Amino acid sequence: MAEARSFTLAAQRLDLAQSTVSQHVKRLEALLGRTLFARNTHSVALTPDGDALLAFARQVLEAHERLERFFASSALRGRVRVGISEDFVLAGLQEVLAAFTRRHASVDLELTVGLSGRLYERFDAGELDVILAKRRRDDPRGRLAWREALVWIGRPGIHPDPAAPLPLLLYPPPSITRALALDALEKAGRSWRVACTSDSLSGLHAAAHAGLGVVPHAARLIPAGLAVLPTSRHLPDLSGVEFVVIAPAHLNNAGAALAEDLLRHGSAGW
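### As for the nonpolar core
By size, the foremost hydrophobic cluster in this structure holds 49 residues, and its most contacted members are F88, V130, I131, W152, L168 and L262. In terms of residues, this core owes the most to one element, helix α6 (residues 176-188), which gives six residues. When neighbours within four sequence positions are excluded, L168 is seen to be in contact with W152, L182, L185, W192, R193, V194, A195, C196 and V214. By size, the runner-up hydrophobic cluster in this structure holds 12 residues, among which are L115, V151, L201 and A207.

### What to know about the pairing of strand β3 (residues 78-85)
Among the eight residues of β3, six are classified as buried, and the element is accordingly described as predominantly covered. Pairing of β3 with strand β5 (residues 130-134) involves three bridges; the strand directions are parallel. When the bridges of β5 are listed, G83 appears paired with I131.

### Some words on the pattern of salt bridges
Tallied over the full model, the rule gives 17 salt bridges. Measuring nitrogen to oxygen at the nearest pair gives 2.9 Å for the salt bridge that ties R118 to D199. Of this pair, R118 sits in helix α5 (residues 116-124) while D199 sits in the loop between β9 (192-197) and α7 (201-209), and the two are 81 residues apart along the sequence. On the basis of relative accessibility, which here comes to 33%, the residue R118 falls in the partly exposed class. A relative accessible area of 44% places D199 in the partly exposed class. Measuring nitrogen to oxygen at the nearest pair gives 2.9 Å for the salt bridge that ties R141 to D139. Classification of D139 as buried rests on a relative accessible area of 9%. When salt bridges that share partners are traced, they join D124, R136, D139 and R141 into one network.

### Points about the side chain of D87
Looking at where D87 falls in the secondary structure, it is placed in the loop between β3 and α4 (93-103). Residue classification places D87 among the buried residues on the basis of a relative accessible area of 8%. Among the polar contacts made by the side chain of D87, one reaches the side chain of S85 at a distance of 2.5 Å. Of note is the side chain of D87, whose polar atom sits 2.7 Å from the side chain of K134. With residues up to four places along the chain from it excluded, the contact list for D87 reads K134, Y171, L201 and L221.

### Things to note about the sheet that holds strand β7 (residues 150-154)
Strand order in the open sheet formed by three strands is β10-β7-β11, and the pairing between neighbours is antiparallel. Either end of the sheet is taken by a strand with one partner, and the two such strands are β10 (215-218) and β11 (227-228). Of the strand pairs in this sheet, β7 and β10 are connected by four bridges, and their pairing is antiparallel. Bridging across to β10, W152 finds its partner in P216. Lying on the sheet, α6 is in contact with β7 and β10; it crosses β7 at an angle near 90 degrees.

### Side note on helix α2 (residues 18-32)
An ideal rise of 1.5 Å per residue puts 21 Å on 15 residues; α2 measures up with 22 Å between its terminal C-alpha atoms. G33 lies just past α2 and shows a positive phi near 70 degrees.

### Remarks on unusual backbone geometry
Look at the link from P173 to P174: it is a cis peptide, with omega at 10 degrees. Looking at the secondary structure, you find P174 in the loop between β8 (166-170) and α6. In this structure, D138 takes a positive phi of about 65 degrees despite not being glycine. Relative to the elements of secondary structure, D138 occurs in the loop between β5 and β6 (143-148).

### Examining the environment of V244
Within the fold, V244 resides in strand β12 (residues 241-246). Distance in space between the C-alpha atoms of V244 and L262 is 9.4 Å, their sequence separation being 18 residues. Excluding its chain neighbours within four sequence positions, the residues that come into contact with V244 are Y120, I131, L132, A133, R135, R141, G142, R143, L144 and A145.

Rules used throughout
Residues numbered from 1 in each chain as written. Predicted model: local features only at pLDDT ≥ 70, side-chain atom pairs only at ≥ 80, totals over all residues. Heavy atoms only, no water. Core = buried A, V, L, I, M, F, W, Y, C linked by side-chain atoms within 4.5 Å. Buried < 20%, exposed > 50% of the residue type's maximum accessible area, 1.4 Å probe, protein only. Helix = DSSP H or I, 4+ residues; strand = E, 2+ residues; numbered from the N terminus. Contact = heavy atoms within 4.5 Å. Pairing = 2+ DSSP bridges. Salt bridge = Lys/Arg side-chain N within 4 Å of Asp/Glu carboxyl O. Polar contact = N/O pair within 3.5 Å; in protein donor to acceptor, adjacent residues only side chain to side chain. Axes fitted to C-alpha atoms, helices over the stretch in contact; angles between N-to-C directions. Expected span 1.5 Å × (residues − 1).

Next up, the structure:
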């Protein structure tokens with residue numbers, strides 16, 4: 001009524017008879033002891049009391065919709081502390097978490113993004129419930145999400161001088177990618193130096209765009225504007241890594257559902 005400004009239009013929108021709408025309005029006015037609508041032969045308008053009631057009525061409807069969403073959207077409840085490897089911040093992480101929160105609106109997610117090595121440390125300390133990280137050497141825990149090749153990347157056209165130490169752009173210890181890259185260089189007898197250290201992938205990418213050096217990087221997650229560098233005796237082949245989802249056996253249902261989502265999206269490709 002308040003929006004239609006007509007008993008006839010209100011009845012049509014509600015799929016009710018006009019007399020039924022009139023009766024509802026009369027009952028409401030009688031219940032409140034106030035006149036809510038000023039009527040004449042041409043139009044219907046809200047009275048000051050009607051305006052006041054309209055604001056309350058909209059709040060009641062909004063609360064009712066929130067209540068329905070809360071109980072209908074998901075049977076899952078609780079809090080999940082999830083740790084995600086820094087590698088995925090610029091990949092498909094947003095889509096995975098957005099889809100999960102849409103389906104399970106009553107689950108509170110606490111997201112930590114960081115280096116895989118540090119995520120292991122926090123998981124082992126009981127500070128995280130689920131982690132998606134690179135598998136550590138000699139650590140069999142976790143369900144395999146996918147295997148990934150590591151490659152050297154840098155600014156297109158960069159050609160590191162084979163006679164000079166290789167300029168590296170690296171995460172700080174205990175980075176798993178850093179350890180694999182340094183192992184490969186040591187085995188190849190290739191000298192190196194650290195040209196940039198950054199906790200964030202965006203920092204490493206910025207340094208690579210500036211031409212400061214090369215980055216050991218997951219092949220599937222290469223950003224625009226950077227290119228894979230061909231391996232040679234001066235730029236040795238890097239071993240691959242496994243990305244795993246690690247969660248305890250006693251994890252709550254919400255955490256278990258998130259772990260399954262991460263595994264499913266990982267196997268499908270980020």
